[in-house]
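# Structure at a glance
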Amino acid sequence: ARAFGGRARAGSRSSFKARGQDVSYVLRVGFLEAANGADRQVTFPDGKSLKVKIPEGARDRQTLRLKGQGMPGYGGGEAGDAFIEVHIEPHAYFERKDDNIHVEIPVTLKEAVSGGKIKVPTISGAVTVIVPKFANTGTNLRLKERGIRNPKTGKRGHQYIRLKVILPEGEEPELAGFLEGWTPKSKDNPREGMVR
């Protein structure tokens, strides 16, 4: 009988293979990069540089998988994967809700009363919209299919504009004089129901 634990046969080798370890990173991206998609060249703490494709419509905290970009395998095993968690920076005036974009747009008193065309920003560039006559703060406008493209359906959300009437800075004697002598046809009280 052979003794248990005897030596291996001459010429035999251990062929141990192991897959490389996965690695995780956090990548901060701009609001418009996430909305429109972008290619980024990123250098990670270990000095490795990778091209990362931010998909159009990426969501905050979405994880991207880069196959084979993790730690190298052992004994010829395949490399691990790199997982990139996308952190989207807030925008100065755009806000995302699902696939829709919301933005508050200031308009002058004259634009609000007289109406007219103004330029407004969208995630894909400026467009012209029509402000209706006698628009008030809170008037909502919709730009159809100017929002985020949904990666599953391919359809775009909308952009919703909320107007905010801004009075002129500094004194406007002509405006003040006009308002002092003006008697509105409507007797609406905007604070009705608030004060008893």
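Reading the values: the criteria
- Residues numbered from 1 in each chain as written.
- Predicted model: local features only at pLDDT ≥ 70, side-chain atom pairs only at ≥ 80, totals over all residues.
- Heavy atoms only, no water.
- Helix = DSSP H or I, 4+ residues; strand = E, 2+ residues; numbered from the N terminus.
- Contact = heavy atoms within 4.5 Å.
- Pairing = 2+ DSSP bridges.
- Axes fitted to C-alpha atoms, helices over the stretch in contact; angles between N-to-C directions.
- Salt bridge = Lys/Arg side-chain N within 4 Å of Asp/Glu carboxyl O.
- Buried < 20%, exposed > 50% of the residue type's maximum accessible area, 1.4 Å probe, protein only.
- Phe/Tyr/Trp six-rings, centres within 6.5 Å; stacked < 30°, edge-to-face > 60°.
- pLDDT = per-residue confidence, 0-100.
- Core = buried A, V, L, I, M, F, W, Y, C linked by side-chain atoms within 4.5 Å.
- 1 Å grid on protein atoms, 1.4 Å probe; cavity = no way out; pocket = protein on both sides within 12 Å on 5 of 7 lines; lining within 4 Å.
- Points joined across faces, edges and corners; volume = space filled by probe spheres on them.
- Nonpolar A, V, L, I, M, F, W, Y, C, P; charged D, E, K, R; others polar.

## Some details on the side chain of Thr122
- Looking at where Thr122 falls in the secondary structure, it is placed in the loop between β8 (116-120) and β9 (127-131).
- Those residues in contact with Thr122 that lie beyond four places of it in its chain are Phe94, Val127, Leu143, Arg146 and Gln159.

## A short note on the sheet that holds strand β10 (residues 140-143)
- As summarised here, the arrangement of the four strands in space is β6-β7-β11-β10, forming an open sheet in which the pairing is mixed. The sheet terminates laterally at β6 (95-97) and β10, the two strands that pair on one side only. Direction aside, neighbouring strands of the sheet carry axes that sit 35° apart on average.
- Relative to strand β11 (residues 159-166), strand β7 (residues 100-108) is paired through eight bridges, and the arrangement is parallel. Across the sheet, the residue bridging to Ile105 is Leu163, located in β11.

## What to know about the pattern of salt bridges
- Applying the stated rule across the entire model yields twelve salt bridges.
- Between Arg61 and Asp60 there is a salt bridge; the shortest N-O distance is 3.6 Å.
- Overall, Arg61 belongs to the partly exposed group, its relative accessible area being 49%.
- The shortest N-O distance in the salt bridge between Glu104 and Arg162 comes to 2.9 Å. Taken together, the positions of Glu104 in strand β7 and Arg162 in strand β11 put the pair 58 residues apart, joining distant regions of the chain.
- Overlapping salt bridges bring together Arg19, Asp22, Arg65, Glu78 and Asp81 as one network.

## Some words on the pairing of β8
- Both β8 and β9 contribute to a ladder of five bridges, which runs antiparallel. Across the sheet, the residue bridging to Gly116 is Val131, located in β9.
- Counted along the chain from β8 to the antiparallel partner β9, the turn is six residues long, and its residue Gly125 has a positive phi close to 125°.

## Regarding unusual backbone geometry
- Positive phi, normally seen in glycine, also occurs at Arg61, with a value near 70°.
- Among the secondary structure elements, Arg61 is positioned in the loop between β3 (49-54) and β4 (63-66).
- The phi dihedral of Phe134 is positive, around 60°, even though this residue is not glycine.
- Along the polypeptide, Phe134 turns up in the loop between β9 and β10.
- The exposure class assigned to Phe134 is exposed, which follows from its relative accessible area of 67%.

## Brief notes about the packing of aromatic side chains
- This structure, assessed with the given rule, holds four aromatic pairs.
- Centroid distance Phe31 to Phe94: 6.2 Å. Interplanar angle 20°. Geometry classified as stacked. Pair noted here: Phe31 is in helix α1 (residues 31-36) and Phe94 is in the loop between β5 (82-88) and β6, with a separation of 63 residues, a long-range link.
- Classification of Phe31 by relative accessible area gives buried; the value is 11%.
- Members of the aromatic cluster, joined through ring pairs, are Phe31, Tyr93 and Phe94.

## Topic: the confidence of the model for the protein chain
- The predicted model of the protein chain has a mean per-residue pLDDT of 88, with 92% of residues at 70 or higher.
- Under a pLDDT of 50 for its full length, residues 1-6 has, in the predicted model, zero contacts with residues more than four places off or in other chains.

## Structural notes on the nonpolar core
- Formed by 37 residues in total, the largest nonpolar core has its most connected members in Val52, Val120, Ile161 and Leu163.
- Look past the residues within four positions of Val52 in its chain and what remains in contact with it is Leu27, Ala38, Asp39, Arg40, Val42, Leu64 and Leu66.

## Some details on the layout of surface pockets
- Its volume calculated, the largest pocket comes out at about 660 Å³.
- Lining the largest pocket are 15 residues, and of these Leu109, Val113, Phe134, Ala135 and Trp182 lie nearest its centre.
- Counting residues per element, the lining of the largest pocket draws most heavily on helix α2 (residues 109-114), which supplies five residues.
- When the residues that make up the lining of the largest pocket are grouped by side-chain class, the tally is eleven nonpolar, two polar and two charged.
- Considered as a void within the structure, the second largest pocket measures approximately 160 Å³ in volume.
- Contributing to the lining of the second largest pocket are Phe31, Ala34, Ala35, Ala58, Arg59, Asp60, Ile88, Phe94, Glu95, Arg96 and Ile148.
- Of all the elements in the fold, those that place two or more residues in the lining of the second largest pocket are α1 and β6.

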